[in-house]
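An overview of the molecular structure
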Protein chains: 4
Amino acid sequence: MIVIMRTGATEEQVEAVRQHVAGLNLNTIINRGVERTVVAVVGATHPEQRDGLLRLAGVLDVVPISRPYKRASREAKHQNTVVRVGDVEVGGPEPTVMAGPCVIESEEQVVSTARAVKEAGARVLRGGAFKPRTSPYSFRGMGEEGLRLLRLASQETGLPVVTEVMGVRDIDLVARYADILQVGARNAQNYFLLDEVGRVDKPVLLKRGFAGTYEDWLLAAEYVMAAGNQDVILCERGIRTFETYTRNTLDIAAIPVIHHLSHLPVIADPSHGTGRWQLVIPMAIAAIAAGADGLLVEVHPDPDKALSDGAQSLTPDNFRRMMDGVRAVAEVGRLNRNAVSRLGVR
Amino acid sequence: MIVIMRTGATEEQVEAVRQHVAGLNLNTIINRGVERTVVAVVGATHPEQRDGLLRLAGVLDVVPISRPYKRASREAKHQNTVVRVGDVEVGGPEPTVMAGPCVIESEEQVVSTARAVKEAGARVLRGGAFKPRTSPYSFRGMGEEGLRLLRLASQETGLPVVTEVMGVRDIDLVARYADILQVGARNAQNYFLLDEVGRVDKPVLLKRGFAGTYEDWLLAAEYVMAAGNQDVILCERGIRTFETYTRNTLDIAAIPVIHHLSHLPVIADPSHGTGRWQLVIPMAIAAIAAGADGLLVEVHPDPDKALSDGAQSLTPDNFRRMMDGVRAVAEVGRLNRNAVSRLGVR
Amino acid sequence: MIVIMRTGATEEQVEAVRQHVAGLNLNTIINRGVERTVVAVVGATHPEQRDGLLRLAGVLDVVPISRPYKRASREAKHQNTVVRVGDVEVGGPEPTVMAGPCVIESEEQVVSTARAVKEAGARVLRGGAFKPRTSPYSFRGMGEEGLRLLRLASQETGLPVVTEVMGVRDIDLVARYADILQVGARNAQNYFLLDEVGRVDKPVLLKRGFAGTYEDWLLAAEYVMAAGNQDVILCERGIRTFETYTRNTLDIAAIPVIHHLSHLPVIADPSHGTGRWQLVIPMAIAAIAAGADGLLVEVHPDPDKALSDGAQSLTPDNFRRMMDGVRAVAEVGRLNRNAVSRLGVR
Amino acid sequence: MIVIMRTGATEEQVEAVRQHVAGLNLNTIINRGVERTVVAVVGATHPEQRDGLLRLAGVLDVVPISRPYKRASREAKHQNTVVRVGDVEVGGPEPTVMAGPCVIESEEQVVSTARAVKEAGARVLRGGAFKPRTSPYSFRGMGEEGLRLLRLASQETGLPVVTEVMGVRDIDLVARYADILQVGARNAQNYFLLDEVGRVDKPVLLKRGFAGTYEDWLLAAEYVMAAGNQDVILCERGIRTFETYTRNTLDIAAIPVIHHLSHLPVIADPSHGTGRWQLVIPMAIAAIAAGADGLLVEVHPDPDKALSDGAQSLTPDNFRRMMDGVRAVAEVGRLNRNAVSRLGVR
């Protein structure tokens, strides 16, 4: 940590900082500049120690000099992580598209969607059995019966499945049916849940919170990894900004930024990221062009009648058109990803 | 719901809207304006039905005309709700100040803080035993031992206690020790947790999410109320904006807005709302002046040595100064609250 | 406009709304729904009239049903606008890349950059002679001498030039040297300037404000168009959000959204949109893949020594690499643009 | 500036940093820590120099250690600035309320409002003759005739007047009629305008931009002060956030923050800050309680018929009620202001 004294700070104040740091069993190097004095704290510091320093008289600011995440950082591991689910790779040379209905409604719906998306090139089936809904009066999913139908669609098509786990008590249940456990945006800082999915032997798809910084997000991944599970897939799904025409603002820059800061694969969810199906196709393609390791996309055989998120679901026809675009930009996306991954970490 | 057609929408498109609505067992009234046609949907609609309408050709927008929250709305209950904990009232004539350490560290710390804040006028003791921390490597609280110390400080002082419950599996444990269950900002959309605290027979203090709109927040309250618990205290704790000098942007307008929209009491947390103790006092007083029903404030006997959030904790001396200001503006705050409560709901 | 009454509004209150509207020489259609009454205002309304209605007792909300921009709207003109500058087209079949130094520093710098970017495929030269700087102590550009050097580089290479005009009094001067007048993000709501560039016979490149909604931005274009100049190029350059790792959050969804709402061409500025050169290449390519009509990119022969924005400038080598990616995704981008342009306007 | 090297940076990379700094005629002190090396740059640095350092290999981050504003900083001047207009003080012991119509509509309207607000305790009359309007089709004010009526109302009541100047070419005109020149939120980074009002011998009321950080805002003040005019009044008027129920989010914490960082007076505009008159009163009072040096409030004799911003205008009756509250909390506000002003600057 670097302690910046304010202009005119006294020698006594600088000495008090030195003693405070000594009390933490750390050393200091003191630089007396033209405008102000700066005290470098030498040794392994703890984020909490910043608060005590900030309170000392004469201190202007305290700047941390290390990233708070360790296992998730590219400083810790230079090679890109590839998460494997059966013979599907996330983070490998090809982008991995995960598609399916927002919410599972019937065997017919999920199986027909699974077939359609597989045929168009999806490698993972998505579908919701437990749904976080802003209103308690909205349909919250079929529960275990939905999981059973999802598994059935998986058996019919050979696609592995990803589905959301909303709480600690459901982890065992969901893990019995799912190949990848999804932690949703609303649970992006539900630390009990992150701890527990970190103890499961299945990959975790971790969405960014509505208002989560890159650092918050990587620290959420750190929770999972610190608990023992290194197979984390990050998923950008849009942040909340002043612009309300779109459901969220899909932050495509998150893709190269994460490839800079971390070795973990990162995919994009253009369905929640925009909230309007007309925007899903161009944004999906843009994400892949920027180097995304994959996509998570909502597809419904008849979106007008969907029980949830119809406005943002693609029809199978639209999904095929999207996949054509994805294939056309995949090579450029790979070059972008690799170029960023090789650059220095900041 | 109101369906707004775009300019130049054809008669066939309007007819398709009419038929779609008829298929939902609802009626329509069609207004042909100068610029465009507008279709009013008559009957009890469901938020989900908006999506299907939005997808129809020729539809520009679909505007809901009812609030999605019911029990939390002032339209449902005109009288202000007063939440009672023993002989303490939240939402009554006097503002109720809840104060104590961010995290419980020792018997000495929590008991001495409890005595100091009680003497200065606090009516509820706060203290964290389970702490949500952005980093998995930060101190996460003493757990049940912390709860035990909190209870002990309560017995010493007679102050009821509020403390955070971070997950469903801890509810029983926390409810054994606490008088008010706090749901934190990071769990503001943890719907399983909201459901479950809705089944507990203790008041719930519900913080606004970092990026929660007023509607999101009232819908979170609706979850608790729909599950059976009507004793909800809302707590504004700052939202995430582009300004990063302060930890969050404390949205004081939330206080009169909630008093407009809802009958529930609303308090403010200026400690998390600013992140800097120098700002806590003026912001606490401003919140009361705007009509807040109370405050949640971090106080520590020796903030320089606090294990969490030292930079935003008041010393007991500062807390006394804050309470002087609170008392000085309480009468004005009550007038503001009552004036807003009487005004029409929007 | 649609006036939504609150639940329990009285007949007298509805009648007062009807009379208020009649006083504005407009008609009403009154729909009495199950939960509440809704009054549709028929006739050409004015945004200002909303305020008066909102104040009436019993009124819950007033919803506008027309877009406030007219000339900029795709409802007014279905065909995409192509802006022409000599033989360069913006909005035509090929994306148009505008590149050059942030700030003009010397003849050698601007001419060598112009040659390098032309060779790599840029069609327009950018360069700043008047620079808006957050600090009054930063270098604010060479002024007219910079414009002269920009013109010289244009003559050397045949590239038309775009440069910023910062105020009304400089319009004549800048227009003597520039082919396209740029209005910067900080002036996105400088209405005097918008009015005046609307009277110039040169295309205007209009950046989105830091905190400008799509509607604000299109209304800024409307100012220019209402004053007589229909040749407006919109430029997405990132918005301000809570994420501060990047300089701004480049909102790539703005590209398909603008193609939905408007017939005007829209380009992206990934340099200001990210603030870090490592991110410029993937974001430039993503923008084109999403259907952008072009790019505005900062290139400097020696970014380490740039007087402004060195951290976000590409070297000529990096720029060539970017152009390779742009060409690889241009066809997909065109398909995306055309698909969105054909869809209904919302 | 502090240059933070990344973990594993080589000796050659550290040496390259040293040489780069030497090339800027500055010295370095190199601290080799456990995790990483940190290079302190000694001497007077320039913000631009950060970019070049950031590009060097092995550099993780570059942290500035001085504030970019000088004259506006409390480090430069400890004593609070009091701005005087005739016998009115802004920044003195009493809060100064400025009130009047959003836009001047007629002699009757402005004179009657002036009388009403004076009687209730306002010390300055506000009124718009030139109005920045988001839509080019909205009423943009009466122009010089409006200024004449404002002056007339000033003569009738003895109140000095504040009114907005929208562009450089109007400064002379507006300065002939106004006592305080207002620079609006949309012009908060119109640097030509800031430069020019810095050359006028009248106080400047400088609104914060929609998306302006505290630093942006103080740098805007620095423009005015660097040009020679030290009489700057800052005005918080709400920032743009994800919450759209209110017109803006009034950031009351800005008041103590500015009192921390700067010696300049700061007032609040609760009318634009909320956009709804019901919220104006509690927010005005909260701002004063937090230590604001004054208010800027919209008052209209008949808000239902106002040509602009009727929804947020107070009636004279409401204004009187607001002033009662202001007086009740003024003493507490003064204590808050003084306490913050005395604290160390950060």
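Residues numbered from 1 in each chain as written. Chains lettered and ligands numbered in written order. Predicted model: local features only at pLDDT ≥ 70, side-chain atom pairs only at ≥ 80, totals over all residues.

1. As for the overall build of chain A
A tally of regular secondary structure across chain A gives 11 helices and 14 strands. Looking at chain A residue by residue over its 346 residues, the buried ones come to 63%. Counting only contacts in chain A whose residues sit at least 6 apart along the sequence, the fraction spanning at least 24 positions is 67%. (Helix = DSSP H or I, 4+ residues; strand = E, 2+ residues; numbered from the N terminus. Buried ≥ 20, exposed ≤ 12 C-beta atoms within 10 Å, placed from the backbone. Contact = placed C-beta atoms within 7 Å.)

2. As for helix 7 (residues 214–226) of chain D
All names here are of chain D. For helix 7, spanning 13 residues, the distance from its first C-alpha to its last is 18 Å, which sits close to the expected 18 Å at 1.5 Å a residue. Among the 13 residues that make up helix 7, 11 are buried, leaving the element largely enclosed by the rest of the structure. Regarding helix 7, the residues found buried are Tyr214, Asp216, Trp217, Leu218, Leu219, Ala220, Ala221, Glu222, Tyr223, Val224 and Met225. Of the residues trailing helix 7, Gly228 is marked for its positive phi of about 125°. (Expected span 1.5 Å × (residues − 1).)

3. Side note on the relation of the copies chain A and chain C
When chain A is fitted onto chain C, the two copies agree to an RMSD of 0.1 Å after a turn of 180° and an axial shift of 0.0 Å. What the rotation and shift describe, once combined, is the action of a two-fold rotation axis. Relative to the rotation axis, the closest C-alpha in chain A is found at Ala286 of chain A, a distance of 2.2 Å. (Least-squares fit on C-alpha atoms with pLDDT ≥ 70 in both.)

4. Details of the relation of the copies chain D and chain B
Think of it as a corkscrew move, a rotation about one axis and a shift along it, taking one chain copy to the other. Once turned by 180° and shifted 0.0 Å along the axis, chain D lies on chain B with an RMSD of 0.0 Å. Looking at chain D, 100% of its interface residues are interface residues in chain B too, so the copies touch through the same face.

5. Brief notes about the environment of Asn338 of chain A
Mapped onto the elements, Asn338 of chain A comes out in helix 11 (residues 316–342). Along the backbone, Asn338 of chain A and Gly291 of chain A are 47 residues apart, and their C-alpha atoms lie at a distance of 8.1 Å.

6. Considerations on the interface of chain D and chain B
Taken together, the 35 residues of chain D in the interface contact 35 residues of chain B. Within the residue set of the side of chain D that touches chain B, elements represented by two or more residues are helix 8 (254–261), helix 10 (277–289) and helix 11 (316–342) of chain D. If one sorts the elements of the side of chain D that touches chain B by residue count, helix 10 of chain D sits on top with eight residues.

7. Concerning the domain arrangement of chain A
Segmentation of chain A into domains returns domain 1 (2–63) and domain 2 (83–342). Each of domain 1 of chain A and domain 2 of chain A was reduced to a C-alpha centroid, and the two centroids are 45 Å apart. (Domains from an automatic or database assignment.)

8. A closer look at the interface of chain A and chain C
At the interface, 35 residues of chain A touch 35 residues of chain C. Those elements that place two or more of their residues in the side of chain A that touches chain C are helix 8 (254–261), helix 10 (277–289) and helix 11 of chain A. Element by element, the count of residues in the side of chain A that touches chain C is highest for helix 10 of chain A, at eight residues. Of the residues belonging to the side of chain A that touches chain C, the class tally is 23 nonpolar, 10 polar and two charged. (Nonpolar A, V, L, I, M, F, W, Y, C, P; charged D, E, K, R; others polar.)

9. With respect to the packing of helix 8 (residues 254–261) of chain B against helix 11 (residues 316–342) of chain B
All names here are of chain B. Direction vectors running N to C along helix 8 and helix 11 enclose 40°, while the axes themselves pass 7 Å from each other. It follows that helix 8 is oblique to helix 11 by the angle criterion. Helix-helix and strand crossings are classified by hand; for helix 8 and helix 11 the assignment is right-handed. Packed against helix 8, whose contacting residues are Pro256, His259 and His260, the element helix 11 presents Asn336, Arg337, Val340 and Ser341 at the interface. (Axes fitted to C-alpha atoms, helices over the stretch in contact; angles between N-to-C directions. Parallel < 35°, antiparallel > 145°, perpendicular 65-115°, else oblique. Left-handed = near helix turned anticlockwise from the far one by under 90°.)

10. A word on the sheet that holds strand 1 (residues 2–5) of chain C
All names here are of chain C. Spatially, 2-3-1-4 is the arrangement adopted by the four strands of the open sheet, whose pairing is antiparallel. Looking at strand neighbours, the two that pair on one side only are strand 2 (27–32) and strand 4 (59–63), the edges of this open sheet. Neighbour to neighbour, the strand axes of the sheet diverge by 20° on average, direction disregarded. Bridge analysis of strand 1 against strand 3 (residues 37–42) gives three bridges, and the strand direction is antiparallel. Bridged to Ile2 within strand 3 is Ala40. Most of the contacts of helix 1 (residues 11–23) go to strand 3, to which it runs at about 5°, and overall it touches strand 1, strand 2, strand 3 and strand 4. (Pairing = 2+ DSSP bridges.)

11. Regarding the sheet that holds strand 4 (residues 59–63) of chain B
Residue and element names in this part refer to chain B. Ordered by their spatial adjacency, four strands build an open sheet running 2-3-1-4, and the pairing between neighbours is antiparallel. Where the open sheet ends on each side, the last strands, each with one partner, are strand 2 (27–32) and strand 4. Averaged over all adjacent pairs, the angle separating strand axes in this sheet is 20°, with direction ignored. Relative to strand 3 (residues 37–42), helix 1 (residues 11–23) is tilted by about 5°, and along the sheet it contacts strand 1 (2–5), strand 2, strand 3 and strand 4.

12. Remarks on the pairing of strand 2 (residues 27–32) of chain D
Where strand 2 of chain D meets strand 3 (residues 37–42) of chain D, six bridges bridge the pair, whose relative direction is antiparallel. Bridge assignment links Asn31 of chain D to a residue of strand 3 of chain D, and that residue is Val38 of chain D.

13. Let's talk about the confidence of the model for chain A
In this model, chain A carries an average pLDDT of 92, and 99% of its residues clear a pLDDT of 70 or more. Predicted complex metrics record ipTM = 0.92 and pTM = 0.93. (pLDDT = per-residue confidence, 0-100.)

14. What to know about the pairing of strand 1 of chain C
Residues and elements named next belong to chain C. Judged by which residues are buried, strand 1 turns out to be covered on both faces: Ile2 and Ile4 on one side and Val3 and Met5 on the other are all buried. Direction of pairing for strand 1 relative to strand 4: antiparallel, over a ladder of four bridges. Each bridged residue has a counterpart across the sheet, and for Ile2 the counterpart in strand 4 is Val63.

15. Some details on the environment of Gly275 of chain C
Residue and element names in this part refer to chain C. With respect to the helices and strands, Gly275 occurs in the loop between helix 9 (270–274) and helix 10 (277–289). Taking the C-alpha atoms as reference, Gly275 lies 31 Å from Ser73; in sequence the two are 202 residues apart. Among residues more than four places away in sequence, those in contact with Gly275 are Thr246, Arg247, Asn248, Ala311 and Gln312.

16. Observations concerning helix 3 (residues 107–120) of chain D
Residue and element names in this part refer to chain D. The terminal C-alpha atoms of helix 3 lie 20 Å apart, and with 14 residues this matches the ideal 20 Å at 1.5 Å per residue to within 8%. Considered for burial, the residues of helix 3 that qualify are Gln109, Val110, Thr113, Ala114, Ala116, Val117 and Ala120. Against strand 7 (96–100), strand 8 (124–126), helix 4 (144–157) and helix 11 lie the buried residues of helix 3. Positive phi appears at Gly121, one or two residues downstream of helix 3, with a value of about 120°.

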